[in-house]
Amino acid sequence: MGLWAEWRAQRERSRRASTYLSQLLRSPEHADITWLLSHGVPEAVAVRELTFAKRAIGLVVAERDALDDRTASDVAHQLAPVISREARATVDLGREWGERWRAYTAALAVRGNVDSPATRLARVLLGGASIHEPSAAQLARATQFVHETRSAANVALRDVFGVASLPDDIRPSALRG
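Cut-offs and rules
Residues numbered from 1 in each chain as written. Predicted model: local features only at pLDDT ≥ 70, side-chain atom pairs only at ≥ 80, totals over all residues. Heavy atoms only, no water. Helix = DSSP H or I, 4+ residues; strand = E, 2+ residues; numbered from the N terminus. Buried < 20%, exposed > 50% of the residue type's maximum accessible area, 1.4 Å probe, protein only. Contact = heavy atoms within 4.5 Å. Lys, Arg positive; Asp, Glu negative; His and termini not counted. Charge placed at Lys NZ, Arg CZ, Asp CG, Glu CD. Salt bridge = Lys/Arg side-chain N within 4 Å of Asp/Glu carboxyl O.

Looking only at helices and strands, one finds seven helices and zero strands in the protein chain. For the protein chain, the N- to C-terminal ordering of α and β elements is α-α-α-α-α-α-α. Expressed along its principal axes, the backbone C-alpha trace of the protein chain runs to roughly 55 × 40 × 30 Å. A burial count over the protein chain gives 40% of its 177 residues as buried. Taking as baseline every contact in the protein chain between residues at least 6 positions apart, the subset at least 24 positions apart corresponds to 68%. Taken together, the 24 basic and 21 acidic charged side chains of the protein chain have centroids lying 3 Å from each other.

Structure (structure tokens):
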């Protein structure tokens, strides 16, 4: 691929990543905020934790479900200036995002746990909102949020980056060349 074609391909990947990221940067749903507020979580904390959860889940979806291995990197690259801007406005926000992101990735890295990955992510969300010993109902509702967020991120990923299409008459393993 020539230099010009490579530059154009990179620009297109950046544009798609930016479009996907715009889905992740939408404000949390009012119902989700209200749910956390009903458990005594301050509004600013509820909005922050739901926002962080959406971003983290969106990055996980880009990493695990994208067709191109570079998608997650492209999305993270587009997210970095957003986090930097927010950190300049609110000093601790950048550090908090880093801590929350590490908590989400650590929750997914755990092996041998009886909780599903979605439930582990839900526990991280609730822990960030200072609900460290959630009830079964709180955990179920947070897990539902994780599932809904992941589903929405998957739809956005497919809309922006496309879906895999394989020939009907050839096994995927035969395409490896």
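Past the structure itself, the notes keep going.
Inspection of every chain in the model, using the stated rule, returns 13 salt bridges. Between Asp74 and Arg13 there is a salt bridge; the shortest N-O distance is 2.8 Å. Of this pair, Asp74 sits in helix H4 (residues 71-89) while Arg13 sits in helix H1 (residues 3-24), and the two are 61 residues apart along the sequence. For the residue pair Asp74 and Arg13, the accessibility class agrees, reading buried in each case. Two residues, Glu49 and Arg48, come together in a salt bridge whose shortest N-O distance is 3.0 Å. Using a relative accessible area of 1% as the deciding quantity, one classes Glu49 as buried.

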